[in-house]
Amino acid sequence: MPGHLYTAEVIWRREGEFRNGRYSRGHTWRFDGGVEVPASASPTVVPLPHSVPEAVDPEEAFAAAISSCHMMTFLDFARRDGFLIEAYEDRAEAEMHRIAPGRMGITRVTLRPVMTIIADSQPDPARLAELHEKAHEMCFIANSVKCEIVVAPGPVRLVAPQPHEGT
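Only a predicted model underlies this, so the values are computations on that prediction, with no experimental measurement involved. (Residues numbered from 1 in each chain as written. Predicted model: local features only at pLDDT ≥ 70, side-chain atom pairs only at ≥ 80, totals over all residues. Heavy atoms only, no water.)

This next bit is on the overall build of the protein. Across its full length, the protein carries two helices and 11 strands. The order of α-helices and β-strands along the protein, N terminus first, is β-β-β-β-β-α-β-β-β-β-α-β-β. Taking 167 residues into account, the globule formula puts the C-alpha radius of gyration at 15 Å, and the protein, at 20 Å, lies well above it. Principal axes of the C-alpha set define a box for the protein whose edges measure 65 × 40 × 40 Å. (Helix = DSSP H or I, 4+ residues; strand = E, 2+ residues; numbered from the N terminus. Rg over C-alpha atoms; globule rule 2.2 N^0.38 Å.)

A word on the sheet that holds strand E4 (residues 27-31). Spatially, E1-E4-E5 is the arrangement adopted by the three strands of the open sheet, whose pairing is antiparallel. Strands with a single pairing partner mark the edges of an open sheet, and in this sheet they are strand E1 (8-11) and strand E5 (36-39). Each strand of the sheet is rotated relative to its neighbour by a mean of 25°, with strand direction disregarded. (Pairing = 2+ DSSP bridges. Axes fitted to C-alpha atoms, helices over the stretch in contact; angles between N-to-C directions.)

This paragraph deals with the pairing of strand E9 (residues 114-118). Across the five residues of E9, five count as buried, placing the element largely inside the fold. The side-chain alternation of E9 yields two buried faces, one formed by Val114, Thr116 and Ile118 and the other by Met115 and Ile117. Strand direction decides the pairing type here: strand E6 (residues 85-89) and E9, joined by four bridges, are antiparallel. Its bridge partner lying in E9, Glu89 is registered against Val114. Pairing between E9 and strand E11 (residues 156-159): four bridges, direction parallel. Following the sheet pairing, Met115 is matched in E11 by Val156. (Buried < 20%, exposed > 50% of the residue type's maximum accessible area, 1.4 Å probe, protein only.)

Here we take up the domain arrangement of the protein. Many authors give the size of an interface as the accessible area that is lost as the parts come together. Domain assignment breaks the protein into domain 1 (1-56) and domain 2 (59-159). Centre-to-centre separation of domain 1 and domain 2, based on C-alpha positions: 26 Å. Across the boundary between the two partners, domain 1 contributes five residues, which contact four residues of domain 2. Summing both partners gives a buried area of about 270 Å² for domain 1 against domain 2, and 65% of it is carried by carbon and sulfur. The interface formed by domain 1 and domain 2 holds zero salt bridges in total. Linking domain 1 to domain 2 there are zero residue pairs in polar contact (both at pLDDT 80 or more). (Domains from an automatic or database assignment. Contact = heavy atoms within 4.5 Å. Buried area = accessible area lost by both parts, 1.4 Å probe. Salt bridge = Lys/Arg side-chain N within 4 Å of Asp/Glu carboxyl O. Polar contact = N/O pair within 3.5 Å; in protein donor to acceptor, adjacent residues only side chain to side chain.)

This model, assessed by the stated rule, comprises nine salt bridges. Of the charged contacts in the structure, one is a salt bridge between Glu89 and Arg157, with a shortest N-O distance of 3.9 Å. Residue Glu89 is located in strand E6, and its partner Arg157 is located in strand E11; the two are separated by 68 residues in the primary sequence. You can call Glu89 partly exposed: its relative accessible area is 45%. Residues Arg127 and Glu130 are paired through a salt bridge, measuring 2.6 Å at the closest nitrogen-oxygen approach. Linking Arg127 with Glu130, this pair stays in helix H2 (residues 125-138), spanning three residues, or about one helical turn.

Within the fold, His50 resides in the loop between E5 and helix H1 (58-80). We classify His50 as buried; its relative accessible area is 17%.

Right, dumping it as structure tokens:
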């Protein structure tokens, strides 16, 4: 079976004094759908003014990719299991630590999903935990990284179903 190919363009142009390290780390990520995202080194890694705090940094993008993949996988499993998810929010965190002399790495990503579910009664927390575990096992991005990923769901918000909500 052939694999899938995913592409992203990374575009940077020199601004500043490159030879002495006083240059902008600001750049652009361009994706196949035409979306462009301002990107930069994190200000915690490269001090201002050589980083762009308003831009997305690779560490944030890493956490977002894991969170997004987990969410999409979970939502599909929840749908198949009969849940009606109204909203899903996560504030993912990526922790970076020294992993060897002179080397840093993301060692842990924590996902904290909070969902709103349309139902007559509170869903079984054990079943939701099983679906999160299954989503983690099947998430393409989680299967591609070596750091620890912790899924720590928050409380489920319950919304009573309305007569027209069955989709």
